[in-house]
Amino acid sequence: MNTDHQGIKVKRVASRKRSRDGLRSHLTPAKKKTGSPEEPEAGQEVLMMEEKLEDDCSDQEDLFGDYDSILGDRSFLARLEEVELDMGCDNGVASHPGFEGAPHSPEDGYMALRTGGSKDCSSADVVSSLRDTFMEELPSSQLAFQQELLKKGAWSTNGSASPQRDDAPDSTGRATRGRPSSRNRKDEKDAEAQTKSSVTDRLKSAMRGNATVSSLGISTSAARKEAALTEEIGAAMEAREAGPAGIDLGPFYGLPSKVKELISKQRGIKDLYDWQKACLTLESVQQRRNLIYSLPTSGGKTLVAEILILRELLCRSMNALLILPYISLVQEKVRGLARLGLELDFLVEEYAGSKGRFPPVKRRRKKSLFVATIEKGHSLVNSLVEAGRLQGLGLVVVDELHMLGEGKRGAVLEMTLAKVLYVSSSTQIIGMSATLSNTEDLQKFLKADNFTSDFRPVQLMEYVKMRDTIYEIHPKEDECFKFSRVLNFKYSSSMQKVDPDHIIALVTEVIPAHSCLVFCPSKKNCENVADMICKYLKKGFLKHREEEKKRLLQELRESGAGALCPVLCRTVPFGLAYHHGGLTGEERRLLEEAYSAGTLCLLTCTSTLAAGINLPARRVILRSPYVATDFLKRSQYKQMVGRAGRAGIDSLGESILILQEKDRLSAKQLLSSPLESCNSHLMDANGQGVRSLILSLVGLKITRTLEQIRDFVSGTLLSVQQSHSCQEKSLWEVAQDSVEFLRHKGLISVSTDCENNTVLLVTDLGRATYKGCIDLTYCDVLYRDLSKGLDGLMLSSLLHLVYLVTPYDLVSQCKPDWMVYFRQLTSMTATELKMASVLGVPESFVARKAAGQSVRKPADPEVVGRLYLALVLLSMLKETNLWGVADRFRLTRGFVQSLLSSASAFCSCVLHFTEELEEFWAYKALLMELTRRLTYCVKAELIPLMEVAGVQEVGAPLPVRCPTWPSGDLTHKLPFSQAPITLTVVHTLTYSRPELSSCMVLVTRHCLTSQTQILHYWSRLCRTSPRGKPIRLWLLPRCC
């Protein structure tokens, strides 16, 4: 695209006015300086970082804060003019005895100014100063052009020849000071003619030349593809507005054909199932009405939701929210959708744990997909309501909608959907699940249409096994169990004792040619079953994909900083592994990928693997009809057996439930009963959910009177089911009692408006409680702990702060090991021991417990448990070695990682809590830094790098000192989620400051989109690098 740039005035439009005071130097004219007129010391740098982020910013991520382009600000040019005037070199050139005539290098030739001296200022000093500051002050758009000129030698005056010094000896060996040769005089005349134009004119010429340079990162083919994509999106939007309902609106269900190509390339999906086509062309979908659709597991529900999300992002230019039940599912979905976001130009933002900004950044062009857990989704909706931006959320998708019936988390999900329905009528809600029964109630609650199908891509055959006989399940018949076959596997007496349930016989019928999942009732049983199976497998299993399994073991060892679970060390060579919450997130990811790739053929797992993670198998075995000590629910059973059958691979899927004779009748009831109803849990714990809902409604000013509260509550799932959920009191009485409870606790107050109407107002404590998402059960305790901490907060150690942000609800999940507890107390400092004693856990109490002696004065078990967990967290912050801390406290590494994640999330909640209470102002800075430490659990110097998307902690130090490498492709084993990856050395700069020489920035191909951005980023690193320390190499993955 060749266009005339001569008449174009380029000006950068920033989302905020950046402060440039930190970038002033001694070259700044007097009229431009805003600080002290005194000249700073040479080389002194001041970097002012703006911490406050504006609510509305540009689509392009502002990586460089306070660094403006000179295209929109002439202060840099004015500075050069001022210097020239001060030096008296306007259109004139004079020699100076101390100035070196010709440059020593192309860069020196570019920077050198032949100018006259003055009594006050040495020209050599000025040139040195310009050389030091020019590359810093020059924006990236100019650096790219100037570097090209340096390579071509365009501005180098006689740069190929070595300069001859004035004091060089002549042929006779005598120095010729002050007596320039004829060649020198000729060179001076040439240089004099070239430098008659001022530096400002030369820089303006460079700017005009740079404007004609085509973009380095954009090809014409890419531009054509982008234009075609934009055209298709526009056509789809016009068809959506003008076309009748029920027809295909675009090349791919209202989306550009590029979306179909990407799904085919990245997912391997060539065509949709018939039910997916029917669902996407429903009248309710085309008219953007709310929808609930339910299908069996592995039916392809997620793809339909993703297509609807892409419609909202690309065709309607609206944001979308995807709510998932677990953090691991959020992280998996973010990784999967990030590639689509890169190709289709939208953002994927993670809201899980301590991650997520409230309210989110408001962008003018790019739209965002927020992928959130249930709790984070609720906080996100609250922030959008408070900011008046909920109408900008075009679509809310809830995966696993049956979570509405799951206790406290179901109550939070119900609050979220009720607020969206009440506040924004333009926001569409899509819910999907495989285990829904009372869809009529959910339809009334969500005002939604319903789509149901029993489609499965692979036929499922269900069996039960009792003794050595397998029976086929026929739930609609009276007998229920129909004989199928007898197991044909010879067991020795020793094997019969070890494996009375014949698990080895069942799994060896399918592995290693096919995959198998074995669901076990407990975590420990998972490990025992995997260990038991591999002991009796044939040696031939070791040869199956031997190299891949060796590589997997190496990756597992690297993820554990050299440590490897001994059970996995024994089972992985046979193609087996266990999968449960005791594994770290990285271990689970590696095992899941290995299983999907066929490296592992069998996983022993708990029921949590069936909740959303897409790991199908040819055969699914249920080791027992129990989850822990509770008998299976119908929904849990359907989720587990639904993993049987891999679409596109298997023609049949099998599930086998192992039963004992005593469980026969219970199993019949389980298999013939309908799915459990999805009921509201707002009334749990004496109406705790209703109280939390009313508090947030008053705080967000959604409702201000009792009548408005009644109207809102009448639109909840609780109102739909009030006939059996509110049997003792009416819903109106429940709302009145909840308001009185909140008023009594000081969370809301009653006042009157100008018309003498009674209105409800939230107090400071109430606002802190709902903004921090603090459970009403703990808000008083948290306030008391924080107030007590102000009187004697111990800052010599992190222990006191860590104790304050240790989650209350995890205390019941961990019983202290008293000997470990005592050893930890004895290693404490005197200040830490005093703090523990003030909390109510003296050393003598723990010593008596460890010795098994009776305690005269018992301590509060909640405080004792929280302090024990705080010691675990403190050890993680000090050592950052998950395996070592887990072994020391005799906990599973998965629990330690879960504790760390929960603590970082709760620390973020406490931070929001303290921000709303003026008396807790001192906690803000402390908790802000502690949240980052708990989130990444690395050394403080690595935290900025860990905040880059896709970078994760490994055993080796992450920032690597960079050697001088030539340009080209370099393949390295890097600490990314997808390694190895190919990196490209994009640009190498030799900076004028000696301590920064021979440094470079190594960036992946799609991390920064152009060489200009890379140079801009480089200049940022150079300015912020401390003197005397080399710049470290930042390895950025493709997904950032």
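For the structure itself, consult the block above.
Residues numbered from 1 in each chain as written. Predicted model: local features only at pLDDT ≥ 70, side-chain atom pairs only at ≥ 80, totals over all residues. Heavy atoms only, no water.

1. Description of the overall build of the chain
And then number 1: Of regular secondary structure, the chain possesses 40 helices and 26 strands.
And then number 2: Residues classed as buried in the chain amount to 49% of the 1040 residues present.
And then number 3: In the chain, once contacts between residues fewer than 6 apart in sequence are set aside, the share between residues at least 24 apart is 71%.
And then number 4: In the structure as shown, the chain presents an accessible area of about 50000 Å², 50% of it carried by carbon and sulfur atoms. (Helix = DSSP H or I, 4+ residues; strand = E, 2+ residues; numbered from the N terminus. Buried < 20%, exposed > 50% of the residue type's maximum accessible area, 1.4 Å probe, protein only. Contact = heavy atoms within 4.5 Å. Areas by Shrake-Rupley, 256 points an atom, 1.4 Å probe, with all protein chains shown as cover.)

2. Side note on the sheet that holds strand S6 (residues 368–372)
And then number 1: Spatially, S4-S6-S3-S7-S8-S2-S9 is the arrangement adopted by the 7 strands of the open sheet, whose pairing is parallel. The outermost strands of the open sheet, each flanked by one partner alone, are strand S4 (347–351) and strand S9 (449–452). Neighbour-to-neighbour, the strand axes of this sheet turn through a mean angle of 15°, independent of strand direction.
And then number 2: Relative to strand S8 (residues 428–433), strand S2 (residues 291–294) is paired through 4 bridges, and the arrangement is parallel. Directly across from Ser294, in S8, lies its bridge partner Ser433. (Pairing = 2+ DSSP bridges. Axes fitted to C-alpha atoms, helices over the stretch in contact; angles between N-to-C directions.)

3. Digging into the pairing of strand S7 (residues 393–399)
And then number 1: For S7, a buried count of 7 out of 7 residues is recorded, marking the element as mostly surrounded by other parts of the structure.
And then number 2: For strand S3 (residues 319–323) and S7, the ladder comprises 5 bridges, and the chain directions are parallel. When the bridges of S7 are listed, Asn319 appears paired with Leu393.
And then number 3: The sheet contact formed by S7 and S8 spans 5 bridges and is parallel.

4. What about the state of the cysteines?
And then number 1: Here the structure, examined in full by the defined rule, presents 0 disulfides.
And then number 2: You can see Cys773 has no disulfide; the closest cysteine sulfur is in Cys909, sitting 5.5 Å from it. (Disulfide = S-S within 2.5 Å.)

5. Remarks on the side chain of Arg456
And then number 1: Structurally, Arg456 is set in the loop between S9 and strand S10 (459–466).
And then number 2: Separated by 3.0 Å, the side chain of Arg456 and the backbone oxygen of Val458 make a polar contact.
And then number 3: A distance of 3.4 Å separates a polar side-chain atom of Arg456 from the backbone oxygen of Gly642.
And then number 4: Those residues in contact with Arg456, other than ones at most four positions away along the chain, are Pro296, Thr297, Gly642, Ala644 and Gly645. (Polar contact = N/O pair within 3.5 Å; in protein donor to acceptor, adjacent residues only side chain to side chain.)

6. Details of the packing of aromatic side chains
And then number 1: Across all of its chains, the model carries 18 aromatic pairs by this definition.
And then number 2: Centroid distance Tyr471 to Phe483: 6.3 Å. Interplanar angle 80°. Geometry classified as edge-to-face. With Tyr471 in strand S11 (residues 469–473) and Phe483 in strand S12 (residues 481–486), the pair connects residues that are 12 residues apart, well separated along the chain.
And then number 3: Taking the centre distance of 5.1 Å and the plane angle of 55° together, the rings of Tyr821 and Tyr868 count as tilted. Remark: Tyr868 occurs in helix H35 (residues 861–879) and Tyr821 occurs in helix H32 (residues 818–826); sequence separation between them is 47 residues.
And then number 4: A network of ring pairs unites the aromatic residues Trp818, Tyr821, Phe845, Tyr868 and Phe889 as a single cluster.
And then number 5: The ring of Trp732 carries Arg710 above its face, with NZ or CZ at 4.5 Å from the centroid.
And then number 6: Above the ring of Tyr803, the side-chain terminus of Arg866 is found at 4.5 Å from the ring centroid. (Phe/Tyr/Trp six-rings, centres within 6.5 Å; stacked < 30°, edge-to-face > 60°. Lys NZ or Arg CZ within 6 Å of the ring centre and 35° of its normal.)

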